[in-house]
Amino acid sequence: MAQPPIHWNANDEGNSIPAVNFSDLNVYAKELVPAIIPKLPSAEQINTEMEQKYARSTTAPTTTAETLNETTKSNTSAVSKGKKAIAAVKGDTERQKEPLNILFCGHVDAGKSTIAGHLLFLTGQIDQRTLEKHQVEARENSRESWMHAFAMDTTKEERAHGITVEVGRAWFETERKHIVILDAPGHRHFVPNMIVGAAQADVAVLVVSARRGEFETGFERGGQTREHTMLVKAAGVRHMIVLINKMDDSTVNWDRDRYDEIKNKLIPYLKKCGFKSDEDITFIPCSGMKGAFLKKAPEEQCAPWYTGSTFAEYLDSLPPFNRNIDGPFRMPIVEKYKDMGMIVMGKIESGCCRVGDQCVIMPNRNRVKVTNIYYEDMETDFCICGENVRLKLANIDEDKISSGSVLCSTESEPCHVGKIVVVEHKSFISPGYSAVLHIYGASFEVQLQKLIVLVDRKTGERTQPNPRYIKQDHAAIARFQLSQSGKGICMELFKNFAPLGRFTLREENGTVAVGKILAIVE
Ligand SMILES: Nc1nc2c(ncn2[C@@H]2O[C@H](COP(=O)(O)OP(=O)(O)OP(=O)(O)O)[C@@H](O)[C@H]2O)c(=O)[nH]1
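Bear in mind that the values here come from a model prediction, so they are computed numbers and not experimental data.

Right, let's get into the environment of Arg 468. Within the fold, Arg 468 resides in the loop between strand 21 (462-465) and strand 22 (475-482). Judged by its relative accessible area of 70%, Arg 468 falls in the exposed class. Arg 468 sits 272 residues away from Val 196 along the chain, and the two C-alpha atoms are 32 Å apart. Apart from the residues lying within four places of it in its own chain, the contact partners of Arg 468 are Ser 430, Pro 431 and Leu 451.

Take Asp 357: it is sitting in the loop between strand 10 (352-354) and strand 11 (358-362). Separated by 2.8 Å, the side chain of Asp 357 and the backbone nitrogen of Arg 354 make a polar contact.

Considering all chains together, one arrives at seven aromatic pairs under this definition. Aromatic ring contacts, followed pair by pair, group Trp 254, Tyr 259, Phe 293, Trp 305 and Tyr 306 into a single cluster. Geometry around Phe 275 places Lys 233 over its ring, the cationic atom sitting 4.7 Å from the centre. Lying over the aromatic face of Phe 494, Lys 516 brings its terminal NZ or CZ to 5.2 Å of the ring centre.

When the UniProt feature table is mapped onto this chain numbering, "domain: Tr-type G" (unreviewed entry) sits at residues 97-323. This span, residues 97-323, is 36% helix and 18% strand, and a straight line between its end C-alpha atoms measures 14 Å.

Looking at the secondary structure, you find Trp 171 in strand 2 (residues 168-173). Along the primary structure Trp 171 and Leu 119 are separated by 52 residues, whereas in three dimensions their C-alpha atoms are 9.7 Å apart. Apart from residues no more than four positions distant in its own chain, Trp 171 is found in contact with Leu 120, Gln 125, His 178, Ile 179, Val 180, Ile 181, Glu 376 and Asp 377. Polar side-chain contacts of Trp 171 include one of 3.4 Å to the side chain of Glu 376.

Entries for the chain in the domain assignment read domain 1 (98-317), domain 2 (330-409) and domain 3 (420-516). Taking only C-alpha atoms, the centre of domain 1 and the centre of domain 2 are 29 Å apart. At the interface, 12 residues of domain 1 touch 11 residues of domain 2. On the domain 1 side of the interface with domain 2, the three residues burying the most area are Pro 99, Arg 169 and Gln 200, jointly 50% of the side's total. Where domain 1 touches domain 2, the interface holds two salt bridges. Remark: the boundary between domain 1 and domain 2 carries eight residue pairs in polar contact (both at pLDDT 80 or more).

In the vicinity of the ligand, 22 residues are found, and the nearest of them are Lys 112, Thr 114, Ser 145, Thr 164 and Asp 248. Contact between the ligand and Asp 109: an oxygen atom at 3.1 Å from a main-chain N or O atom of the residue. Taken by itself the ligand offers 650 Å² of open surface, and the protein chains cover 96% of this. Top contributing element to the shell around the ligand by residue count: helix 4 (residues 112-122), with three residues. The class makeup of the residues in the shell around the ligand is six nonpolar, 11 polar and five charged.

What follows covers the pattern of salt bridges. Side chains that carry opposite charge are capable of pairing whenever their charged atoms lie near each other. For the coordinates displayed, the defined rule picks out 22 salt bridges. Here Arg 139 ties to Glu 144 by a salt bridge, and the two come within 3.4 Å at their closest N and O atoms. Accessibility expressed as a relative area gives 47% for Arg 139, which makes it partly exposed. Classification of Glu 144 as partly exposed rests on a relative accessible area of 39%. Between Lys 265 and Glu 220 there is a salt bridge; the shortest N-O distance is 3.3 Å. Residue Lys 265 is found in helix 10 (residues 256-273), and its partner Glu 220 is found in the loop between helix 8 (214-219) and helix 9 (224-234); the two are separated by 45 residues along the sequence. On the basis of relative accessibility, which here comes to 39%, the residue Glu 220 falls in the partly exposed class. One connected set of salt bridges, linked through shared partners, spans Arg 212, Glu 216, Glu 220, Asp 255, Arg 258, Glu 261 and Lys 265.

About the thresholds
- Residues numbered from 1 in each chain as written.
- Predicted model: local features only at pLDDT ≥ 70, side-chain atom pairs only at ≥ 80, totals over all residues.
- Heavy atoms only, no water.
- Helix = DSSP H or I, 4+ residues; strand = E, 2+ residues; numbered from the N terminus.
- Buried < 20%, exposed > 50% of the residue type's maximum accessible area, 1.4 Å probe, protein only.
- Contact = heavy atoms within 4.5 Å.
- Polar contact = N/O pair within 3.5 Å; in protein donor to acceptor, adjacent residues only side chain to side chain.
- Phe/Tyr/Trp six-rings, centres within 6.5 Å; stacked < 30°, edge-to-face > 60°.
- Lys NZ or Arg CZ within 6 Å of the ring centre and 35° of its normal.
- UniProt positions renumbered as here; feature names shortened; annotations may be inferred.
- Domains from an automatic or database assignment.
- Buried area = accessible area lost by both parts, 1.4 Å probe.
- Salt bridge = Lys/Arg side-chain N within 4 Å of Asp/Glu carboxyl O.
- Near = heavy atom within 4 Å.
- Areas by Shrake-Rupley, 256 points an atom, 1.4 Å probe, with all protein chains shown as cover.
- Nonpolar A, V, L, I, M, F, W, Y, C, P; charged D, E, K, R; others polar.

In structure tokens, the structure reads:
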């Protein structure tokens, strides 16, 4: 067999996959492919073993909103176990509430921002004066019914048009949880922004409007309900809460039949996307406008047929997430700005960090020092896996941090950087095809250079070398190249670090493929 000149990353799978030079792949393909393919996990293996291992929560809520009360006690002990774990790592007693990051997604105008804004008011994050201010501003924009949404939609553009553009961010607390709301835009033009929010989510909250005609537009007539559902699943989110909103609307009037109709239409699609109906999906009827079933059940008996928990009660009851607290520090940067120094924002996906820690920003490998840590409006001296934080960094210029940068500890190996990715994907594409590759919150233009081999999704065996194209539900090993030259993309093998090991491939009109990174050439 011909000997390829460079070596496979030693970290890769711990087995003896032969070295590969992908620039000479055409020459070596015939001999290398048989050697590589049998070592790769089959799609089925990935989807079962790996998915379970790396799902955002390994402890599925064993309860639906309807049966919550009986299980709250056992969840309480799980929560205190999680708290102890956090305290043990950091020796901390101050931050007792478990972090939970929720993503509001769904079709445009379903009521995501209204629900989020009203919840902030009901939980005391927004006071009466601020609400009145929003009411005045909403009236001035001829959008009075958007008054609660103005708490999340803060830019002039968003308020003028009544649509969310950026992922809105806010937080509130329940008895046991510190909950970060990521409010995704519902308009199809802003799906790339929605993907950034999905990357940080522990739980997805799919908001659908029960108003006659609106649910149908969002779900049956090409709206975003379907694409958002698929994208949150592709981002590794395991639990989906479906809020059936606008139940107060005059076309619905809290009609139980309408609620059941929507639920029954959604379930088959959610299952198709990979959510298990009993364990992973919870339905709650609500009115974001009236605040019904957000924090409390409404006083007037508008829906006596619904006896389950409210949205906030349900979030509070979720079991703690199985976070990688002991792993190496990794924080994919989703935003940066200057404020008496360089501030970066993001969710910590692994490990923890203290003030004074030395870190490295990948892929540029710039060394930085963490000088300040902000957890919401509190300055603190540490942060931990699962928390969404802002860090002030010393020794770095703004232009050294780009979309897709990852802050890593210097105490262990930083995350990997690849220019060419071997991926598993499904869709109809052929070499020369260009698209945008989304990994975590970052996006890059890429071109498919070569389809190396088709892979049997069940067995992982190679089937057809050098296919001319692949179509839906095909799995293949393919080589992608960044369109712009640069330092490469921060990525990891899916099996080693799932948050940076998943990708979505999109073009202007929608998502064409989702997949997992099986090998990286650095
Ligand atoms: N009747 C009724 N109207 C609602 C309810 N929730 C939201 N709306 C209205 O629906 C419209 C859109 O609300 P938003 O909260 O901006 O919807 P959104 O899903 O955040 O929209 P995008 O972020 O732009 O996708 C506004 O006019 C709201 O007043 C509700 O519970 N009942």
